[in-house]
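Structural description and commentary
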Amino acid sequence: MAQTPKGDDDLHKYYVEPNMITELTRNTLVLILAGGEGSRLKDLTKWRAKPAVPFGGKYRIIDFALSNCVNSGLRKIGVLTQYKSHSLLRHIQRGWGFMRAEIGEFVELLPAQQRTSEKAWYKGTADALFQNMDIMQRHNTEYVIVLGGDHIYTMDYAKMLVQHVQSGADFTVGAIEVPTEEATGFGVLAVNDDMRITRFDEKPAEPESIPGKPGTSLASMGIYVFSTRFLYETLSEDAAKPESSHDFGKDIIPARIEDSVAMAYAFRDDKTGLPAYWRDVGTLQSYWQANMELCDVEPELNLYNRAWTIWTYQTQNPPAKFVFDEEGRRGEAIDSLISAGCIISGAKVKRSVISFNTIIESHSTIKDCVILPKVRIGPNCRITRAIIDKETEIPEGTVIGEDIEADRERFHVSPEGIVLVTPEMLGQYSFPMDGSTRWREKA
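All figures in this text were calculated on a predicted structure; none of them were measured in a lab. (Residues numbered from 1 in each chain as written. Predicted model: local features only at pLDDT ≥ 70, side-chain atom pairs only at ≥ 80, totals over all residues. Heavy atoms only, no water.)

**With respect to the layout of surface pockets**
In this approach, a probe sized like a water molecule rolls over the atoms, and the result shows the empty space that is left. To keep things clear, this is the line we draw: Detection works on a 1 Å grid of protein atoms alone, calling trapped sets that fit a 1.4 Å probe cavities and calling open sets with protein on both sides within 12 Å along at least five of seven lines pockets, with lining residues defined by an atom within 4 Å of a point. Grid points are joined across faces, edges and corners, and a volume is the space filled by probe spheres set on the points. Lys, Arg, Asp and Glu make up the charged group, whereas Ala, Val, Leu, Ile, Met, Phe, Trp, Tyr, Cys and Pro make up the nonpolar group; the residues left over, Gly among them, are polar.
Reported here for the second largest pocket is a volume of approximately 800 Å³. Along the walls of the second largest pocket sit 21 residues, with Thr154, Arg268, Asp269, Asp270 and Ala276 positioned nearest its centre. Of the residues belonging to the lining of the second largest pocket, the class tally is 10 nonpolar, four polar and seven charged.

**Focus on the side chain of aspartate 170**
Which entries qualify depends on this criterion: Per the convention used, a helix needs a DSSP run of H or I reaching at least four residues, while a strand needs a run of E reaching at least two, with both numbered from the N terminus. For the exposure calls, accessible area comes from a 1.4 Å probe over protein chains only, and a residue counts as buried if that area is under 20% of its type's maximum, exposed if over 50%, partly exposed in between. Positive charges come from Lys and Arg, negative ones from Asp and Glu, while His and the chain ends are left out of the count. A pair is scored as a salt bridge if a Lys or Arg side-chain nitrogen falls within 4 Å of a carboxyl oxygen belonging to Asp or Glu. Between N or O atoms, a polar contact is any pair within 3.5 Å; within protein, one atom must be a potential hydrogen donor and the other a potential acceptor, and residues adjacent in sequence are included only when both atoms are from side chains.
Tracing the backbone through its elements, the reader meets aspartate 170 in the loop between α6 (157-167) and β10 (171-179). No salt bridge is formed by the buried aspartate 170, whose closest oppositely charged neighbour, arginine 256, lies at an N-O distance of 6.4 Å. At a separation of 2.8 Å, a polar atom in the side chain of aspartate 170 contacts the main-chain amide nitrogen of valine 261.

**Focus on the packing of aromatic side chains**
Where we set the bar: A pair of aromatic rings is counted whenever rings of Phe, Tyr or Trp (Trp by its six-membered ring) have centres within 6.5 Å, and the orientation is called stacked for planes under 30 degrees apart, edge-to-face for over 60 and tilted otherwise.
Inspection of the entire model under this criterion finds 13 aromatic pairs. A ring pair is formed by phenylalanine 55 and tyrosine 287, whose centres lie 6.2 Å apart and whose planes are at 65°; its orientation type is edge-to-face. Residue phenylalanine 55 is located in strand β4 (residues 54-55), and its partner tyrosine 287 is located in helix α9 (residues 284-293); the two are separated by 232 residues in the primary sequence. Of the two residues examined, phenylalanine 55 and tyrosine 287, each falls in the buried class. Ring centres of tyrosine 153 and tyrosine 157 lie 6.4 Å apart, and the angle between their planes is 65°; this geometry places the pair in the edge-to-face category.

**Remarks on empty space enclosed by the protein**
Counted under the stated rule, the structure contains two cavities of 30 Å³ or more. Within this model, the largest cavity holds a volume of roughly 40 Å³. Lining the largest cavity are Leu29, Leu31, Gly78, Glu108, Leu110, Asn132, Ile135, Met136 and His139. Elements with a contribution of two residues or more to the lining of the largest cavity: β3 (28-33), β7 (106-111) and α5 (133-139). Each residue belonging to the lining of the largest cavity can be placed in one class, and the counts come to five nonpolar, three polar and one charged. The volume enclosed by the second largest cavity comes to roughly 30 Å³. If you trace the second largest cavity, you find it lined by Ala175, Ile176, Glu177, Leu218, Ala266, Phe267, Arg268 and Pro275. With three residues, the top contributor of residues to the lining of the second largest cavity is β10. Here the lining of the second largest cavity is composed, by residue class, of six nonpolar, no polar and two charged.

**Digging into unusual backbone geometry**
For aspartate 368, which is not glycine, the phi dihedral falls at a positive 55°. Looking at the element boundaries, aspartate 368 is found in the loop between β25 (365-367) and β26 (370-371). A relative accessible area of 17% places aspartate 368 in the buried class. One non-glycine residue, arginine 385, lies in the positive phi region at around 50°. Topologically, arginine 385 is positioned in the loop between β28 (382-384) and β29 (386-388).

**Things to note about the sheet that holds β29**
Spelled out, the test is: Two strands make a pair as long as DSSP finds a minimum of two bridges between them.
With mixed pairing, six strands are arranged side by side in an open sheet as β20-β23-β26-β29-β33-β32. The open sheet terminates on both sides in strands that have one partner only, identified here as β20 (337-338) and β32 (412-413). Of the strand pairs in this sheet, β32 and strand β33 (residues 419-421) are connected by two bridges, and their pairing is antiparallel. Bridge pairing in β33 links histidine 412 to leucine 420.

**Concerning the nonpolar core**
Convention followed: We call a set of buried residues a nonpolar core when its members are Ala, Val, Leu, Ile, Met, Phe, Trp, Tyr or Cys and they connect through side-chain atoms within 4.5 Å of each other. We call two residues in contact whenever any of their non-hydrogen atoms come within 4.5 Å of each other.
Core analysis: the largest hydrophobic core is formed by 41 residues, its most contacted members being Ile32, Leu66, Ile77, Met155 and Tyr157. For this core, the secondary-structure elements that each account for two or more residues are β3, α2 (62-71), β6 (76-81), α3 (86-95), β8 (143-148), α6, β10 and β13 (216-227). Residues in contact with leucine 66, not counting those within four places in the same chain, are Ile32, Ile77, Val79, Ile92, Trp96 and Val107.

**What about the packing of helix α7 (residues 228-239) against helix α8 (residues 248-256)?**
What counts here: To define axes, lines are fitted to C-alpha atoms, for helices over the stretch in contact only, and angles between the resulting N-to-C directions are given on a 0 to 180 degree scale. By the definition used in this description, the sense in which the near helix is turned from the far one sets the handedness, with an anticlockwise turn below a right angle giving left-handed and a clockwise turn giving right-handed.
Remark: α7 packs on α8, axes separated minimally by 11 Å, with the N-to-C direction vectors making an angle of 115°. Once α7 is placed against α8, the crossing between them reads as right-handed. Residues Phe230, Leu231, Glu233, Thr234, Leu235, Glu237 and Asp238 of α7 form the contact with α8, whose own contacting residues are Phe248, Asp251, Ile252 and Arg256. Of the residues belonging to the contact of α7 with α8, the class tally is five nonpolar, one polar and five charged.

Here is the structure:
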């Protein structure tokens, strides 16, 4: 790697040749923030952390961030957990144990351990890293990538890392163009012509548009590349400020823009040059919509790209099965994803995502639905625009999604009319709360 230092303070700046990318990725630690409660997903996160929520029939949300790391050549990964992390930890242990520590590869699980003198849980995203600084120092890498474990997208982080090094940045923020009216829910970046960040506003009431692109703003994706020395210094300074909320978006990024080299990395599709696919699935509506997009004839998120495999843990299941071919009782699925182990028994499925080991019985119709694993839907049911949580048993003759007011009396209904159904809502407890012996592995 050819160094081009301009002075003592510029020793971290390098010129990166194409054949040096592997050296860069090997010298980078990735930390995935996966402790979020995800309260806007309502009962979907009652027993599990948001990154552990099933998605797309066979995956968990965190699989996308982890797969992006592996496909980008980044094999030193730490996953920071906190909120109801059991199912997340179990999933990572089962599905991501193929790394070889002998050659410097790992996925380390880093639950909140109250490492600081205050013995506190993580107070914010920056505090989560500060409490694990001893572990970061032990790995002794030159760069640290920080990202969330709760978004759906495919991204080559190595390209962002290369830009970070070539620009001589202290930190780089991954960003995506969004309509200005939607940017109020994001951190919004203002940049100059060289993509250097000039201002950062966290969830502004009136987001700034990109120069020359009225109606479009540059939103933070919650993905950061830091030069390690700069990160340690910044985390230590922030930890000493009692008034800080110890959050990257609220405190770290705005505070260091003026006295450091802060760059933005625009996430775009390599072929079209347009903003690439990236979804924040933090609400029931956005979660449902992202699943529905997979049913398109040519979805933006291509799960069938063998050059960019989405890895996961999956149980050994038989192929999906469609049975009966009678008028009014025909097992069929149209514009849908049907996972392994499913039996569509004389039922009709249209534009839906059906997760593994689900059984749908005769004369039932499922439309515009997201069905999580191990659900059983009885005969003569009609279900529309619904999310059915794992291991729910829908009784015979149940109708969901046709009378929203009636649904609100039994289930949770989002403002957009998406109905969420869980076992608890139907009196099917996931553990013996009432002294019964019925037990379910829920998360």
